[in-house]
Amino acid sequence: MNRFRVSKFRHTVARPSRREAWINDIRAGTTPSCGNHIKSSCSLIAFNSDHPGVLGIVPLEGQGEDKRQVAYLGCHSDLVTDLDFSPFDDFLLATGSTDRTVKLWRLPDPGQALPSVPGLVLGPEELPVEVLQFHPTVDGILVTAAGRAVKVWDAAKRQPLTELAAHGDLVQSTVWSRDGALVGTTCKDKQLRIFDPRAKPEASQNIQAHTNSRDSRLAWTASQEHLVSTGFNQMHEREVKFWDTRLFSSALASLTLDTSPGSLMPLLDPDSGLLVLAGKGESQLYCYEVALQQPALSPVTQCILENVLRGAALVPRRALTVMGCEVLRVLQLSDVAIVPISHHVPRKTVEFHEDLFPDTAGCIPASNPYTWWAGSNQQVQKISLNPACRPYPSFTSCLVPPTEPPPDTTQPAETPEANTDPSEGFSSPPSLLTSPSTPSSLGASLSSTSGIGTSPSQKSLQSLLGPSSKFRHAQGTVLHRDNHITNLKGLNLTTPGESDGFCANQLRVAVPLLSSGGQVAVLELKKPGRLPDTALPTLQNRAAVTDLAWDPFDPYRLAVAGEDARIRLWRVPPGSLKDVLTTPEAVLTGHTEKIYSLRFHPLAADVLASSSYDLTIRIWDLQAGAEQLRLQGHQDQIFGLAWSPDGQQLATVCKDGYVRVYEPRSGPESLQEGPGPEGGRGARIVWVCDGCCLLVSGFNSQSERQLLLYMADALASGPSAVLGLDVAPSTLLPSYDPDTSLVLLTGKGDTRVFLYELLPEAPFFLECNSFTSPEPHKGFILLPKTECDVREVEFARCLRLRQTSLEPVAFRLPRVRKEFFQDDVFPDTAVTWEPVLSAEAWLGGANGQPQLLSLQPPGMTPVSQAPREAPTQRALSSVQYLEEKSDQQKKEELLNAMVAKLGNREDPLPQDSFEGVDEDEWD
């Protein structure tokens, strides 16, 4: 007997399908949840879109050469955390959400309108639903986990059959065994528990699965005794363990992979024993074979992905191409596409291989909920995957019966383009964008627009789903390397969170260095290229730099705040910094603790505001070199401050949980205050919408980054809208463009820049295309409007600071008639480089308005005055064209086309023109 086990899968090859088979033009979401973000039945695929509460629905297989249409189902008023298809009914979908409900949906055949209301609703729970799963042998039984509670539901009765004993922390995974008798759970308390829900609510077995509390998952094998768990160890290494419930004191086998931060999703096919490990945020899949004999976990193959993985799911075995020896198919969810990844065993593809494709579970339930709860363990009858045994028997669940369309329903004459972009309607994420006064209004409006894949036209789609931003197709591009400043060395990347990390005006960039003495390098934007390897001339501040800012009215004056509670004003000579400067132009003293941030007045010259650890805000007259005003009332660290556009008010956001508005010239106490972000990790504030609103970026109690929009005259009533974005450690730094009402948001160490158009009324946030880069940036700031290339419809120019370089990023809007000045994109802009008032006048109570400047280049005609183009007749598609022709006309056109290709038959042949030779020349 051979002591070595030879696997029939040892030559398995995994490769992504051709691009023609991809499902493109989707916008996948990165929901922070324990779910896989994508699931598949034998007919449909459902996935998380980038709009919270909205799922994308698409057929698993294309119909002929037609491009698969992606429809969007608005199913919850908050994030969709998990979803699952019934193992028996391909069109029955269950969804769980942070709105604390579980909903069951009857999905129609592809091409039909999606439902506007769910067929069943379970809950609400006390906490957000994290995971859910259908029972593998019974129709109508689900298990759900919400917080520490795990419930087994009888969906038909809409009530739980049992609630399992409370876990010690958040439940991260809840999975049925393949025979449906046991439930396995993993929890943030590091315990793996096994339950027999029909016997008792307490766990029958439990053990510490992984030594790290980060995301752990479970998957059962074909037997009731064996299961696989994934998680992290104390060294933050990802690991996989193989367990036997009969010997639960330790794992049968353990496998350590790497220290990647992405949680592992175990996709286990119980029939073949193949286990695919998919890591969120990674570009590689691992395939192992799970066996009862050693080695229990043996590697089979790996697959390198073209795009970063956001979610993954297995296609049911009944949908595999068995005659092509496809033993496994994984659906990879990326940011912009769903990529099928097939695993093939290289064998003859003209016959059915029974060893590769054993009988699998069919789609007829084994029993009903009452019988199962009474103790029945009857199993689902298996079917053969041999194509000769098809068709398989079908089943339609009575939980949500199919609804027949009304007899007078008419199909629209015009269909939308394939893969309708959800941003056309859901321009503001409807789930997290909530109004405190009417929290359910958006959810209701969302439900009525779920079938957007079949809307008759773009105009009717927009009328159904609300407004969309004209900047929604904005494109961010890093400019050519010739515009970069490279070979930056010794950057200080640990500036406080209240600082942007660097600052720039239209001429120069000031960057703190890590060297001792608080050194600041000044770089010329007009002189890009590689910096010399030698040390740069710097400004010596004698204390670590906490924040810095250029004077908007004097491009050669730089204010630098230090940990020594001093503000130093530097005069940088024109041209470039030639020598090290050690003596500032002036030093402002008065703060008693380290300074947080500096903000120049937007209209008055020589007026500067600063915040400090002494919990005060001081306003300085730089001409006099003295403090003039002091604002009080903060009880904790001041995260951010911002001047109003008219310079009359000052807003702050504080760690004590309040947003405040001051009128500095009226008194030291706040004019009004309201509740701020729940989290205390950091926040920023900026005035938007012509000064009538305040935008605050911060964190909620679950450390999720969010935006809060306040009415500036009603802070006490709280935010008018709240938008949740993602989970990340860095505070979002907002850069607001008042001309377009666009805000750009990113954090230090991020790779993505969010773009939103802001409105002072619902829906408040209109989402635009975000900018992503492969490498993280250390800072990101907005340059003055005059730096934009208006002829290229460039509405924003930014600077992106990386570890060794400084790169300009241009945000442009794709327009057809770029020869005209796009006056709808470029209104007259404020002259921000010339003061309106002096410090003395402003402190005396005077107010003013900035001058406006047209950005229209000479010789360009505004697009609003451009002549209208004559409408062009749309060419008919080939299918429509042929449908209008008779068979005889088609034959004649075909013959004429063939003759035209062959040419005129009466034309002489080339050899006819050749000259011959005399007969005597042959000898």
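Keep in mind that this is a model prediction, so the values were computed, not measured.

### Comments concerning the pairing of strand β7 (residues 80–85)
Right, on to step 1. Burial analysis of β7 places 6 of its 6 residues in the buried class, which makes it a mostly covered element.
Right, on to step 2. Pairing of β7 with strand β8 (residues 92–97), which is carried by 5 bridges, proceeds in the antiparallel orientation. Looking at β8, one finds that L83 is bridged to T95.
Right, on to step 3. Counted between consecutive antiparallel strands, the loop separating β7 from β8 contains 6 residues.

### Here we look at the sheet that holds strand β53 (residues 704–711)
Right, on to step 1. Across the sheet, which stays open at both edges, the 4 strands sit in the order β51-β52-β53-β54 with antiparallel pairing between neighbours. Sheet topology places β51 (684–688) and β54 (721–727) at the edges, where each strand pairs with a single neighbour. Neighbour-to-neighbour, the strand axes of this sheet turn through a mean angle of 20 degrees, independent of strand direction.
Right, on to step 2. Note: β53 against β54, 6 bridges, orientation antiparallel. Paired with L707 across the strands is L723, a residue of β54.

### Things to note about the pattern of salt bridges
Right, on to step 1. By the definition in use, this model includes 42 salt bridges.
Right, on to step 2. In this structure, R530 engages D533 in a salt bridge whose closest nitrogen and oxygen atoms are separated by 3.4 Å. Of the two residues examined, R530 and D533, each falls in the exposed class.
Right, on to step 3. Measuring nitrogen to oxygen at the nearest pair gives 2.6 Å for the salt bridge that ties K785 to D737. With K785 in the loop between β59 (779–782) and β60 (794–801) and D737 in strand β55 (residues 733–737), this pair connects stretches of sequence that are 48 residues apart. Accessibility classification places K785 together with D737 in one group, the buried group.

### Overview of empty space enclosed by the protein
Taking a probe equal in size to a water molecule and rolling it over the atoms shows the remaining empty space.
Right, on to step 1. In this structure the tally under the stated criterion is 1 cavity of 30 Å³ or more.
Right, on to step 2. Size it by volume and the largest cavity reaches roughly 40 Å³.
Right, on to step 3. In terms of lining residues, the largest cavity is bounded by T186, C187, K190, Q191, A209, H210, N212, R214 and S216.
Right, on to step 4. For the lining of the largest cavity, the class distribution of residues is 2 nonpolar, 5 polar and 2 charged.

### A closer look at the side chain of K785
Right, on to step 1. On the accessibility criterion, K785 (12% relative accessible area) is buried.
Right, on to step 2. Engagement of the side chain of K785 in a polar contact is seen with the backbone oxygen of F795, the distance being 2.7 Å.
Right, on to step 3. Beyond its immediate stretch of four places on either side in the chain, K785 contacts D737, D739, T740, F795, F826, T829 and L855.

### With respect to unusual backbone geometry
Right, on to step 1. Residue G123 is joined to P124 through a cis peptide bond whose omega torsion reads 10 degrees.
Right, on to step 2. Within the secondary structure, P124 is located in the loop between β10 (120–122) and β11 (129–134).

### With respect to the sheet that holds strand β9 (residues 102–106)
Right, on to step 1. Strand order in the open sheet formed by 4 strands is β7-β8-β9-β10, and the pairing between neighbours is antiparallel. At either margin of the open sheet sits one strand with a lone partner, and together these are β7 and β10. Pairs of neighbouring strands in the sheet enclose a mean axial angle of 20 degrees, with direction left out of account.

### Concerning the state of the cysteines
Right, on to step 1. Following the criterion strictly, the structure yields 0 disulfides and no others.
Right, on to step 2. Among the cysteines around C42, which has no disulfide bond, C363 carries the closest sulfur, lying 7.7 Å off.

### Describing the packing of aromatic side chains
Right, on to step 1. Evaluated as defined, the whole model comprises 12 aromatic pairs.
Right, on to step 2. Ring centres of Y756 and F765 lie 6.1 Å apart, and the angle between their planes is 85 degrees; this geometry places the pair in the edge-to-face category.
Right, on to step 3. Judged by relative accessible area, which is 0%, F765 ranks as buried.
Right, on to step 4. Consider the rings of F771 and F811, whose centres lie 5.9 Å apart with planes at 75 degrees: the pair is edge-to-face. Of this pair, F771 sits in strand β58 (residues 765–772) while F811 sits in strand β61 (residues 805–812), and the two are 40 residues apart along the sequence. Residue F771 shares its accessibility class with F811, and that shared class is buried.
Right, on to step 5. Here the aromatic residues W176, W372 and W373 are joined through ring pairs into a cluster of three or more.
Right, on to step 6. Residue placement shows R214 over the ring face of F232; its charged tip is 4.2 Å from the ring centre.
Right, on to step 7. Just above the ring of F699 sits the side chain of R681; from NZ or CZ to the centre is 4.7 Å.

### Regarding the environment of E351
Right, on to step 1. Assignment of secondary structure puts E351 in the loop between β29 (337–344) and β30 (360–361).
Right, on to step 2. The partly exposed category is assigned to E351, whose relative accessible area is 40%.
Right, on to step 3. Taking the C-alpha atoms as reference points, E351 and G324, separated by 27 residues in sequence, lie 8.9 Å from one another.

### Points about the confidence of the model for the protein chain
Right, on to step 1. Mean pLDDT over the protein chain works out to 84, with 88% of the residues at or above the 70 mark.
Right, on to step 2. Confidence drops under a pLDDT of 50 for residues 406–465, and excluding neighbours within four residues, the segment shows 131 contacts in the predicted structure.

So, how was this worked out
- Residues numbered from 1 in each chain as written.
- Predicted model: local features only at pLDDT ≥ 70, side-chain atom pairs only at ≥ 80, totals over all residues.
- Heavy atoms only, no water.
- Buried < 20%, exposed > 50% of the residue type's maximum accessible area, 1.4 Å probe, protein only.
- Helix = DSSP H or I, 4+ residues; strand = E, 2+ residues; numbered from the N terminus.
- Pairing = 2+ DSSP bridges.
- Axes fitted to C-alpha atoms, helices over the stretch in contact; angles between N-to-C directions.
- Salt bridge = Lys/Arg side-chain N within 4 Å of Asp/Glu carboxyl O.
- 1 Å grid on protein atoms, 1.4 Å probe; cavity = no way out; pocket = protein on both sides within 12 Å on 5 of 7 lines; lining within 4 Å.
- Points joined across faces, edges and corners; volume = space filled by probe spheres on them.
- Nonpolar A, V, L, I, M, F, W, Y, C, P; charged D, E, K, R; others polar.
- Polar contact = N/O pair within 3.5 Å; in protein donor to acceptor, adjacent residues only side chain to side chain.
- Contact = heavy atoms within 4.5 Å.
- Disulfide = S-S within 2.5 Å.
- Phe/Tyr/Trp six-rings, centres within 6.5 Å; stacked < 30°, edge-to-face > 60°.
- Lys NZ or Arg CZ within 6 Å of the ring centre and 35° of its normal.
- pLDDT = per-residue confidence, 0-100.

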